[in-house]
Structure formats: structure tokens, C-alpha cells
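Fold and geometry: a report
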Amino acid sequence: MSSSNRTGSSPLIFILTGIPSLPMSSYWMALPLCCLYLLMILGNCTLLWMIKTDHSLHTPMYYFLSMLSVADLGLSLSTLPTMLAIFWFESTSLCFEACIVQMYFIHSFSAIESGVLVAMAFDRFVAICYPLRYASVLTSSLIMKVGGAIFMRGVCVVLPVAVLIKNMPFCRPRVLSHSFCLHQDMLRLVCGDVRVNSLYGLTAVILTKGLDSLTILLFYMMIIRAILSIVSKEAQAKAFSTCISHLCAVLIFYIPLIGLSIIHRFGKHLPPLTHTLLADAYLLVPPVLSPLVYSWKTKQIRRRILILLCQRGTQQQV
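Numbering of residues begins from 1 in every chain and follows the order in which that chain's sequence is written. Reporting in this predicted model follows two pLDDT cut-offs: at least 70 for local features of residues, and 80 or more for side-chain atom pairs to be given and counted; totals over whole chains, interfaces and linings ignore these cut-offs and use all residues. Computation of side-chain values: all heavy atoms of the structure, hydrogens and water removed.

With an unreviewed UniProt entry as reference, the protein chain is termed Olfactory receptor, source organism Haliaeetus albicilla. UniProt positions are given in the numbering used here, feature names are shortened, and annotations may be inferred rather than shown by experiment. UniProt's Sequence similarities (unreviewed entry) comment on the protein chain is quoted here verbatim: "Belongs to the G-protein coupled receptor 1 family."

A separate point is the overall build of the protein chain. Strands here are runs of E lasting at least two residues and helices are runs of H or I lasting at least four, both read from the DSSP assignment and numbered beginning at the N terminus. Within the protein chain, the secondary structure is distributed over 11 helices and 2 strands. The N-to-C order of helical and strand elements in the protein chain reads β-α-α-β-α-α-α-α-α-α-α-α-α. By residue count, 45% of the 318 residues in the protein chain fall in the buried class. In what follows, a contact means two residues having at least one pair of non-hydrogen atoms within 4.5 Å. In the protein chain, the proportion of contacts linking residues at least 24 apart, taken out of those at least 6 apart, comes to 79%. For the accessible areas, the method is Shrake-Rupley and the probe is 1.4 Å, while residue cover comes only from the protein chains on display. Surface accessibility of the protein chain: about 16300 Å² in total, with carbon and sulfur atoms responsible for 72%. Partly exposed residues are those whose accessible area sits between 20% and 50% of the maximum for their type, while under 20% is buried and over 50% is exposed, using a 1.4 Å probe and protein chains only.

Residues given the UniProt feature "transmembrane region" (unreviewed entry) here are residues 27-51, 63-89, 101-122, 142-165, 243-263 and 275-294. Taken end to end, residues 63-89 comprises 100% helix and 0% strand; its first and last C-alpha atoms sit 38 Å apart. As a span, residues 101-122 carries 100% helix and 0% strand, and end to end its C-alpha atoms are 32 Å apart.

This next bit is on the nonpolar core. Here the nonpolar core consists of buried residues drawn from Ala, Val, Leu, Ile, Met, Phe, Trp, Tyr and Cys, with membership extended through side-chain atoms lying within 4.5 Å. Counting residues in each nonpolar core, the largest one holds 80 residues, and the members touching the most others are Phe14, Leu65, Leu117, Phe170 and Met186. Considering every element that reaches this core, the biggest residue donor is helix H3 (residues 96-129), with 17 residues. The residues touching Leu65, leaving out its near neighbours within four places in the chain, are Leu47, Ile51, Met120, Tyr294 and Ile301.

What follows deals with the packing of helix H2 (residues 60-89) against helix H5 (residues 140-166). Contact geometry for H2 and H5: axes closest at 11 Å, N-to-C directions at 20°. Considering their axes alone, H2 and H5 lie roughly parallel with respect to each other. Where H2 crosses over H5, the two elements pack in a sense that is right-handed. Counting all contacts with H2, which are made through Pro60, Tyr63, Phe64 and Met67, the residues of H5 involved are Ile143, Val146 and Gly147. Under the grouping applied here, Gly and all other residues not named as nonpolar or charged are polar, the nonpolar ones being Ala, Val, Leu, Ile, Met, Phe, Trp, Tyr, Cys and Pro and the charged ones Asp, Glu, Lys and Arg. Residues that form the contact of H2 with H5 fall into these classes: 6 nonpolar, 1 polar and no charged. Helix axes use the C-alpha atoms of the stretch in contact, all axes being lines fitted to C-alpha atoms, and the angles between their N-to-C directions lie in the range 0 to 180 degrees. Should an angle fall under 35 degrees it is called roughly parallel, over 145 degrees roughly antiparallel, and 65 to 115 degrees roughly perpendicular, with every other angle called oblique. The handedness criterion is simple: a crossing whose near helix is rotated anticlockwise from the far helix by less than a right angle is left-handed, and one whose near helix is rotated clockwise is right-handed.

This part takes up the state of the cysteines. In plain terms, two cysteine sulfur atoms within 2.5 Å form what is called a disulfide here. Per the stated rule, a full pass over the model turns up 2 disulfides. Shown here for the protein chain is a disulfide pattern of 1-3, 2-4, where each number marks a bonded cysteine counted in sequence order. No disulfide involves Cys35; its sulfur sits 6.9 Å from that of Cys34, the nearest cysteine. Here Cys35 falls in the partly exposed class, since its relative accessible area comes to 45%.

A pair is scored as a salt bridge if a Lys or Arg side-chain nitrogen falls within 4 Å of a carboxyl oxygen belonging to Asp or Glu. Under the counting rule described, the total for this entry stands at 4 salt bridges. Put simply, Arg124 and Asp123 hold a salt bridge, and the shortest N to O gap is 2.7 Å. Of the two residues, Arg124 and Asp123, both sit in the buried class. Put simply, Arg153 and Asp212 hold a salt bridge, and the shortest N to O gap is 2.7 Å. Remark: Asp212 occurs in helix H7 (residues 195-228) and Arg153 occurs in helix H5; sequence separation between them is 59 residues. Asp212 gets classed as buried once you look at its relative accessible area, which sits at 4%.

Bringing a nonpolar patch on the surface into the picture now. Judged by side-chain polarity, Leu39, Val285, Leu289 and Leu292 come together as a nonpolar surface patch covering roughly 290 Å² of accessible area. For the nonpolar patch, the element with the highest residue contribution is helix H10 (residues 272-297), accounting for 3 residues. As for its position among the elements, Leu289 is in helix H10. Residue Leu289 is classed as partly exposed on the basis of its relative accessible area, which comes to 34%. Exposure above 30% relative accessible area and the absence of a salt bridge qualify a residue for a patch, where like charges join within 9 Å and nonpolar side chains (Val, Leu, Ile, Met, Phe, Trp, Tyr) within 5 Å.

So this is what it looks like as C-alpha cells:
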């Protein structure tokens, strides 16, 4: 096996894999993928547009929701080029530099989304546990600082991952297991010592998604305690209903992530299709379902959508 990144002046090329046992030129797979990406872009852009144009939605909860939509869009657009290239044009090769860039953006936006979910949990915690102090705690200045800190954490924590793997020697054949570049997948093709890369990668995951999931759990333990202390059952149900959308978003994001992490470490004997479907679910499902969940469960957004639909129907009749 060759242990060099380049032979002469020829670039280092990785081969991406579609869905195992599925032909590359399968248009019945390519068409649903296109529809899925269109739904992602349309749903998240619609949310962003509504939050921007409707002044009644200019509250901390919806500012954090707009950050979640931006992270979802970034995550979707990071995987879109290679996914569609494989299934529409049967193009499976990707140069090393492009693979590094895609890997960086996928993991960065994933870390940013995880951080936004923590901020949204904090928003629900303050709203339920300290409702009278909500406006004074979650000021516009604090929201901007929190958003900036989440973005910088996602950018900075993942940067060493890309730098460390850039100079590593890769073996042949350089065939990745997915339709996009992931750090764990690239790392298994390295010929040299990967202990530093693996250790930092694990540390980055613990400092982002690991710490975030524990923080969200802690916030919800305090939220549940506060809800149970309310005497009225009706008030309890109303307080809990304000958390349902966020809880759904957390489950949609973390269940595929946890499943993928377990499969990567303990499921090496499982068929490749299992790894592929879990990785696709981790990157494709949250950006599609999050705007649908918030549109369905949030009264203000649902009302705004109905008003827009009624206005459009009236214009068409005229």
C-alpha cells in the first residue's frame, strides 16, 4: 500500500460511496433526494423570512430558532454537492482538499446546531422557571453574544481536526463509506499513527455534543421540577407544551448522532448499509424535520403560515 498523499504531481483523490447495493444511476433515489433538499431549503428559508418580517416573532425564542435554521441550511448545503453528484451524474471522485473542506463544514455546522439547541433549552428554562425575569435576562445583547460564542466554538473546535488530518499519509484504496466526507471515515484510511487525531476528535466531540447533551438534560431536569411544582394541571400542561417543539428538535438531532457514534465504535460487524443509512439520517433528517416540527407545534408560526396562504388565495381569486 502506498503511504504518500501524492505521487509526483497527481492530486490525492478519494472515492465516495453511494448507498450499498444501489446502482449509481438510480434516478428513483436521485429524485427524492432533490425533493428532500428542496424541502430543507424551502422550510428553513421560510422560517427565516417569517421571523425577519413578522415583528411579533422578534423574541429570544425565535431568534434562537433562526440560528437553528441557519445551522440546518449550512449542514444541508455542505452535503448537497457530493450527494447530488453521485446520484445524478455518477461522479464519485473528490479531491483531497475538497474533502477536507466538506468535512470541516459538516462538523462545524453540526457543532453549531448542537450549541443552538443548548441556547434554546436555556431560553425555555428561563421562560418557565423565571418568567418575570425573562425579558431582563434574555436581552438582545446577550442573544448576540451567545450566538457569536456558539459560532466561534463550532469554527475553532473543528479547525484542528482539519489541520491534523491534512498532512497525514493515506493508503490505497481511498474509498470512503459515505456520500460525503466525515472525519471518522477519513481517519480509517490513514496509514500512519492516528492516536493524536483520534484523541483530539474524541475531545472535540465531548466538548461540543457530549457537554451540550448533558447541559440540555440538566436544564430539562430543572424545568420538569418547576413544572411539577405548579398546582394547576392546566398550567402544567401549558408550560410543558412550550417545550415540545424544542424537545422534538433535540431528539431528532441526538438520536441519529448517538446511533451513528455507537455503530462506528461497536458495530463494525454490521452491514455497510446500516452505517450509510444512519449517517444519512444524522445529516439529512434534522434539517428537514426541524422547520416542520416548529411550524406544526408553534402557534405563532402556524398562524403566520395560514395568513400567508389566505392572502395568496385571495390574490389568485382577484
